[in-house]
Structure formats: C-alpha cells, structure tokens
Amino acid sequence: MKMPFGLKRPRFATDAGRPAPPPKPEADAAPGRESKAAGFVAIAQEGRAHWTGRSYAALAREGFLRNPVAYRTVRMIAEAAAAVPLLVYRAGREVTDHPVLRLLTRPNAQMAAADFLETLYGHLLLSGNAYVEAVMIGTETRELHLLRPDRVRVLEGRDGWPEFYEYRVGGIVRRYAAGTTLLHLKLFHPLDDHLGFPPLAAAQTALDLSNAAATWNKALLDNSARPSGALVYQPKEGGNLSPDQYDRLKSELDEGYSGPMRAGRPLLLEGGLDWKAMGLSPKDMDFVEAKNGAARDIALAFGVPPMLLGIPGDNTYANYQEAHRAFYRLTVLPLINRTATALSAFLSDRFDTPLQLGADLDQVSGLAGERSELWARLGAADFLTDAEKRAAVGY
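In this text, all values refer to a predicted model and were calculated from it rather than measured experimentally. Note that residues are indexed from 1 along each chain, following the sequence as it is written. Given that the model is predicted, a residue must reach a pLDDT of at least 70 before its local features are reported, and side-chain atom pairs must reach 80 or more before they are shown or counted; all residues, however, enter totals for whole chains, interfaces and linings. The basis for every side-chain value is the complete set of non-hydrogen atoms in the structure, without hydrogens or water.

(A) Highlighting the side chain of arginine 350. With respect to the element layout, arginine 350 can be found in helix H10 (residues 320-351). This buried residue, arginine 350, is left without a salt bridge; aspartate 349 holds the nearest opposite charge, at 5.2 Å. In this structure, arginine 350 is in contact with Ala134, Met136, Thr141 and Thr180, ignoring residues within four places of it in sequence. Secondary structure elements are taken from DSSP: a helix is a run of H or I of four residues or more, a strand is a run of E of two residues or more, and numbering for both begins at the N terminus. A 1.4 Å probe rolled over the protein chains alone gives each residue an accessible area, and that area as a share of the maximum for its type sets the label: buried under 20%, exposed over 50%, partly exposed in between. Counting rule applied: Lys, Arg positive; Asp, Glu negative; His and chain ends not counted. A pairing counts as a salt bridge when a side-chain nitrogen of Lys or Arg comes within 4 Å of a carboxyl oxygen of Asp or Glu. The criterion used for residue contact is that any of the two residues' heavy atoms lie within 4.5 Å.

(B) Looking closely at the packing of helix H2 (residues 68-82) against H10. Where helices are involved, their axes are fitted lines through C-alpha atoms of the stretch in contact, as for all axes, and angles between N-to-C directions lie from 0 to 180°. With their axes 9 Å apart at the nearest point, H2 and H10 run at an angle of 65° to one another. Taken together, H2 and H10 sit at an angle that is classed as roughly perpendicular. At the point where H2 passes H10, the crossing takes the right-handed sense. Contacts between H2 and H10 involve Met76, Ile77, Ala80 and Ala81 on the former and, on the latter, Phe327, Tyr328, Thr331, Val332, Leu335 and Ile336. Grouping the constituent residues of the contact of H2 with H10 by class yields nine nonpolar, one polar and no charged. Oblique is the label for any angle not under 35 degrees, not over 145, and not in the 65 to 115 range, which are roughly parallel, roughly antiparallel and roughly perpendicular in turn. Left-handed describes a crossing whose near helix is turned anticlockwise from the far helix through less than a right angle; right-handed describes the clockwise counterpart. The residue classification treats Ala, Val, Leu, Ile, Met, Phe, Trp, Tyr, Cys and Pro as nonpolar and Asp, Glu, Lys and Arg as charged. All others, Gly included, are polar.

(C) A look at the environment of alanine 130. Secondary-structure assignment places alanine 130 in strand S4 (residues 129-137). Residue classification places alanine 130 among the buried residues on the basis of a relative accessible area of 0%. Placed 16 residues apart in sequence, alanine 130 and leucine 146 show a C-alpha to C-alpha distance of 7.5 Å. Setting aside residues up to four positions removed in sequence, alanine 130 forms contacts with Leu120, His123, Leu124, Leu183, His184 and Leu185.

(D) The arrangement of the sheet that holds S4 in detail. We call two strands paired when DSSP finds no fewer than two bridges between them. Strand order in the open sheet made by the three strands is S5-S4-S9, with antiparallel pairing throughout. Each end of this open sheet is capped by a strand with a single partner; those strands are strand S5 (140-147) and strand S9 (182-186). On average, adjacent strands in this sheet sit at an angle of 20° to one another, irrespective of strand direction. As defined by bridge partners, S4 adjoins S9 across five bridges and the pair is classed as antiparallel.

(E) Highlighting the pairing of strand S2 (residues 86-90). The element S2 is extensively covered by neighbouring structure, given that four of its five residues are classed as buried. Taken together, the four bridges between S2 and strand S12 (residues 356-359) define a ladder with antiparallel strand orientation. Counted as the bridge partner of leucine 87 is glycine 358 from S12. Across three bridges, the pairing between S2 and strand S3 (residues 93-95) is antiparallel. By the bridge assignment for S3, tyrosine 89 is matched with glutamate 94. Where S2 folds back onto S3 in an antiparallel hairpin, the turn is made up of two residues, including alanine 91, whose phi is positive at roughly 55°.

(F) Main features of a negative patch on the surface. Side chains of Glu156, Asp159, Glu163 and Asp193 sit close together on the surface and give a patch of like negative charge. Within the secondary structure, aspartate 159 is located in the loop between strand S6 (152-156) and strand S7 (162-169). Taking relative accessible area as the criterion, aspartate 159 reaches 59% and is therefore assigned exposed. Note on patches: the residues involved have over 30% relative accessible area and no salt bridge, like charges join within 9 Å, and the nonpolar side chains Val, Leu, Ile, Met, Phe, Trp and Tyr join within 5 Å. To measure how exposed things are, a 1.4 Å probe is used in the Shrake-Rupley method; for residues, cover is taken only from the protein chains shown. In this description, the location of a charge corresponds to atom NZ of lysine, CZ of arginine, CG of aspartate or CD of glutamate.

(G) The side chain of asparagine 211, seen in detail. Within the secondary structure layout, asparagine 211 lies in helix H6 (residues 204-222). Excluding residues that lie within four positions of it along the chain, asparagine 211 makes contacts with Glu62, Arg66 and Asn67.

(H) Summary view of the environment of leucine 209. Relative to the helices and strands, leucine 209 resides in helix H6. Residue classification places leucine 209 among the partly exposed residues on the basis of a relative accessible area of 43%. Beyond its immediate sequence surroundings of up to four residues, leucine 209 is in contact with Ala290 and Ala294.

(I) Expanded view of the pattern of salt bridges. Taken as a whole and assessed by the stated rule, the structure comprises ten salt bridges. Residue glutamate 79 pairs with arginine 75 through a salt bridge whose shortest N-O separation is 2.1 Å. Pair noted here: glutamate 79 and arginine 75 are both in helix H2, with a separation of four residues, about one helical turn. Here glutamate 79 falls in the partly exposed class, since its relative accessible area comes to 29%. You can call arginine 75 partly exposed: its relative accessible area is 26%. Ionic contacts of the salt-bridge type, sharing partners, join the residues Arg153, Glu166, Arg168 and Arg175 into one network.

(J) Looking closely at the nonpolar core. Only buried Ala, Val, Leu, Ile, Met, Phe, Trp, Tyr and Cys residues count toward a nonpolar core, and they belong to the same one when joined by side-chain atoms within 4.5 Å. Formed by 65 residues in total, the largest nonpolar core has its most connected members in Tyr121, Ile298, Phe327 and Ile336. Ranked by residue count, the leading element in this core is H10, at twelve residues. Not counting chain neighbours up to four residues away, the residues in contact with isoleucine 298 comprise Asn67, Val69, Ala70, Leu200, Ala203, Ala206 and Leu207. In this structure, Tyr131, Leu147, Tyr165 and Tyr167 belong to the second largest nonpolar core, which totals eight residues.

In structure tokens, the structure reads:
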C-alpha cells in the first residue's frame, strides 16, 4: 500500500554491538517488513494524517458539534444576521402591510422569523447550500419550510441543468421541479455547477488540527504525559529477541500505545527492556500557538475578526469597535443582502407582485456609529429637501 508523500512506515532496527548485516536492496525488500537484528529497537511513531470529509454531516459533526471556535463563529454570524429585520419595498416604497411581511414574521407553525433565518444562515455556512420550500394552499403561499441540505439531491436534465430536487427522509421521497416551490440558495463554488461551497471546508485542515490538538492534550493529561521514545534491549547473557517475542512486542505497541486516544500511556516493560525518552514535549511542539493559529484560520475562512472570538495574537484592528464594524460590513451584511435578493425574486413569483427585500440598517447595532454620522451630515445639508434626505437614509 502506498503511503502519502512525506510519510514513512515505522522502522525497527537492532544492534548488539556488532555490525548489522547489509540491508536488502529496495527492489528485493518485502514491503512492511522490519529488520530483526539484535539489541536495539527504535520506535519511530509517524502516523497517517486523517482529514474530515467535506459533507454537511462531517463538517457539522467535527466543526459545529466538536470545535468551540467553529461553533461560536457559526452562531455569531447566524445570530447577528437573523437579528437584522427585513423590510419589504414595492416600487421603491416601503410596505408596512403585506402578506409577505406576515409570512416572514411567522414562516411556519414551528419557527418565528429569527429561528427561521438563523437556521437558513447556519445551513449556508455549514453546507454552502440552503433550501426553502413554499407550502401552497390553493394558489396562496401560506408557509415557508427549510429542508436539511444533506437530504436534498440535485437531479440534472439532459442539458446538464437542474431538473428536479429530490428530498429523502428515511423511506419517504419527494420531488420538486426546479424553479417552482423550492428555492435553492448557494455560495460560490468554482468546481461545481449546482452546489455551493461551505466556508468551513476551506478551513478543513485548521479544523482537524484544532480538534487533534485538543484530543492529544486530553489524552496526555489522562495518561500522565509521557512522550514517545525508544526501547533498548540489553540482555545480560547476550542474544537477540526471538521472532515470537519481537512480534508480541510490536503487536502490544501497535494495539496498546498507538493513536491519539492512547497518547502518553505509561509503558510496561519486562525482560531487560529499558525505555529511553526521545519525543518532544508539548512545550517544544508549542501546542498553544498551533491551536491559536488554527483558530485564526477558522475565523478567517468565515470572515470573523479573531479579536471578536478572544483569540490572542491578532492586532489587525485598532480596537474592538472597529473589528465589530468590519464584521458587519464585510460578513453579515453581504450574507443578508444575497439572501434578501434571492427571497425577493422567489416571493415575488409566489405573490405575482414585484417585491424587494432589504435589511433595516437602523437596527444594526454594529453600524450605529456610521448611521449617526450619516444622519448628522444629512441634517446639515441645507441644499437637500426633506424627501431627498429621507431617500438617502432608506426611507
């Protein structure tokens, strides 16, 4: 079996004070076999890297459910975006009484507006896709429901464009014709024509590094923090380990002392074996900085200033207020605007009325300073009429 570039199989070598026999040529050596000369057994514990899959279930399980940085980042964006009310405009004027407003206030019997939008944004962040189903009673749209992204499959037509969306729960399968009662929102994916790319997938390496470091540190604490090293065989009367002894020792090491969950487990030795520590300490490996670096990469992929997450070592912004403003301007508002644009076209078709949804910027706490400055500048602009001032601030 081929190994990934940069990784090697564990090698075992022994020495009893006399020259070891010359190694076999590469072509003749059987793969996976180790030298069994006498006296010294060197354990080089190099493992294969394991990466989290990019499916919705894998990212949700390893990221949102296991990693505190990913969990807090997704929650911060989804909650901030869901807290911004959506206004409805028709022909450039704000509408205060319309069925769409009532639908957005109470999308369905189980969800209010904040719950619905928070779940929708969470699906986009973890999957790159979100699906909104419009429930029709007669010719009227009465409810909006969200479909879990991992249960939806896109069925292409002969021309390569989506023809149906198939939703499967257990043994129940429903199909929606493309462009009818199902809205598909997605983030940009450079290599997929039909599905979006989740931000957490771009930080997959950082996510696995953060989780592995936490698991490793926990295992070291549980097992008294003993590093890897070498086993030295020093028989009193000379001689070598027998093949059975060697195989038993190797099997016990692989089964009882390998892997992150067994990190640092004390080793039980017998028969002239001596343990020589050779591994790096957690201080030498600088786990704390590695975890902080991984956390910064996760926050960067989502567009959240690390300062807002309490991650040390990041001085990109001069103060917390500036970071908070950048978070809304660069991450939250673009997410709201793309969602509002998609919902505008979808609901306009449902109600046969051209509608436009937009964020109520006066309710965005992170932009309160900017709005105050705008109001002050407009108040001092004597050359503008009251109607022009109202239009400039979105009324």
